[in-house]
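# Structure assessment
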Amino acid sequence: MDRDESVDWGTADSTAPAFHGYARQTSTVDAKFHPPLTVAISRETGSRGKPIARRTAELLGWQFLDQETLQYVAHNPGFAAGVKQPLEPRAEEWVEARYRALQTEAPSGANPNLWPLVRMILELGAQGETVVLGRGAGYILPSEARLN
């Protein structure tokens, strides 16, 4: 079948959303921050989460962070530069707003040692293109920022 040139087959317009629903925001007109996609994979016992998460990151060409790496980097900020990139101001505002909302929703007896980890996961979510294994990333990141 010949391709009908009168039919609009679509173009690689960077401002149009991709067919699969994931496209990095490139327009500076919209002042609201739209977080890029992060994949959150549970490490439920027997789920084979780690090999699946590692392979997913490999296929996507994204970074992979398991629960031990997340925990270490969150509590040792000197190592964070190798894991996360500096965020633009709108992304930082998004992280801060989500972080405050989670603190407000948290029970009064929540472990204060978890908050650096929560912030790290939010910062990775604002950065995007990361596969996160465990540590509640599927709960911490809002639905518009993650696939789990």
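Above this note sits the structure.
Residues numbered from 1 in each chain as written. Predicted model: local features only at pLDDT ≥ 70, side-chain atom pairs only at ≥ 80, totals over all residues. Heavy atoms only, no water.

### Quick notes on the overall build of the chain
The secondary structure content of the chain amounts to five helices and four strands. Listed by position from the N terminus, the elements making up the chain come as β-α-β-α-α-α-β-α-β. When the 148 residues of the chain are sorted by exposure, 34% land in the buried category. Contacts in the chain between residues far apart in sequence, at least 24 positions, make up 70% of those at least 6 positions apart. Here the chain displays about 9,600 Å² of accessible surface, and carbon together with sulfur accounts for 54% of that area. (Helix = DSSP H or I, 4+ residues; strand = E, 2+ residues; numbered from the N terminus. Buried < 20%, exposed > 50% of the residue type's maximum accessible area, 1.4 Å probe, protein only. Contact = heavy atoms within 4.5 Å. Areas by Shrake-Rupley, 256 points an atom, 1.4 Å probe, with all protein chains shown as cover.)

### Observations concerning the pattern of salt bridges
One pass over the full model with this rule turns up six salt bridges. Of the charged contacts, one joins Lys-50 and Glu-68 as a salt bridge, the two residues approaching to 3.9 Å between their closest N and O atoms. In this pair, Lys-50 is assigned in helix H1 (residues 49-60) and Glu-68 in helix H2 (residues 67-75), connecting sequence segments 18 residues apart. Its salt-bridge partner being Glu-88, residue Arg-90 comes within 3.1 Å of it at the nearest N-O pair. Residue class for Glu-88 comes out partly exposed when judged on its relative accessible area of 37%. Salt bridges sharing partners connect three or more residues here, namely Lys-50, Asp-66 and Glu-68. (Salt bridge = Lys/Arg side-chain N within 4 Å of Asp/Glu carboxyl O.)

### Some points on the nonpolar core
Side chains that are nonpolar tend, in soluble globular proteins, to be buried together. In this structure, Leu-70, Trp-94, Val-118, Met-120, Ile-121, Leu-122 and Ala-126 are the most contacted members of the largest nonpolar core, which totals 27 residues. Broken down by secondary-structure element, the contributors of at least two residues to this core are H2, helix H3 (89-105), helix H4 (115-127) and helix H5 (137-140). No other element matches H4, which puts eight residues into this core. Discounting residues that sit within four places of it in the chain, Leu-70 has contacts with Leu-65, Leu-117, Met-120, Ile-121, Leu-124, Val-132, Leu-133, Gly-134 and Arg-135. Counting residues in each nonpolar core, the second largest holds nine residues, with Val-39, Ile-41, Ala-57 and Trp-62 among its members. (Core = buried A, V, L, I, M, F, W, Y, C linked by side-chain atoms within 4.5 Å.)

### Quick look at the packing of aromatic side chains
Applying the stated criterion across every chain, the model contains two aromatic pairs. Between Phe-33 and Trp-94 the ring centres are 5.8 Å apart and the planes differ by 55°, which places this aromatic pair in the tilted class. Pair noted here: Phe-33 is in the segment before strand E1 (38-41) and Trp-94 is in helix H3, with a separation of 61 residues, a long-range link. Each of the two residues, Phe-33 as well as Trp-94, counts as buried. A cation over a ring is seen here: Arg-119 above Tyr-99, with NZ or CZ 4.0 Å from the ring centre. (Phe/Tyr/Trp six-rings, centres within 6.5 Å; stacked < 30°, edge-to-face > 60°. Lys NZ or Arg CZ within 6 Å of the ring centre and 35° of its normal.)

### Considerations on unusual backbone geometry
One non-glycine residue, Glu-129, lies in the positive phi region at around 50°. With respect to the helices, strands and loops of the structure, Glu-129 is situated in the loop between H4 and strand E3 (130-133).

### Overview of the pairing of E1
Residues Thr-38 and Ala-40 line one face of E1 and the alternating positions Val-39 and Ile-41 line the opposite face, and both faces are buried. Inspection of the sheet shows E1 paired to E3 by three bridges, in the parallel sense. Bridge assignment links Val-39 to a residue of E3, and that residue is Val-131. (Pairing = 2+ DSSP bridges.)

### Quick notes on H2
What H2 keeps buried is the set Gln-67, Leu-70, Val-73 and Ala-74. For H2, the angular spread of buried residues about the axis comes to 140°, placing them on one side. If you follow the buried residues of H2, they end up packed against strand E2 (63-65), H4 and E3. (Arc of directions from axis to C-beta.)

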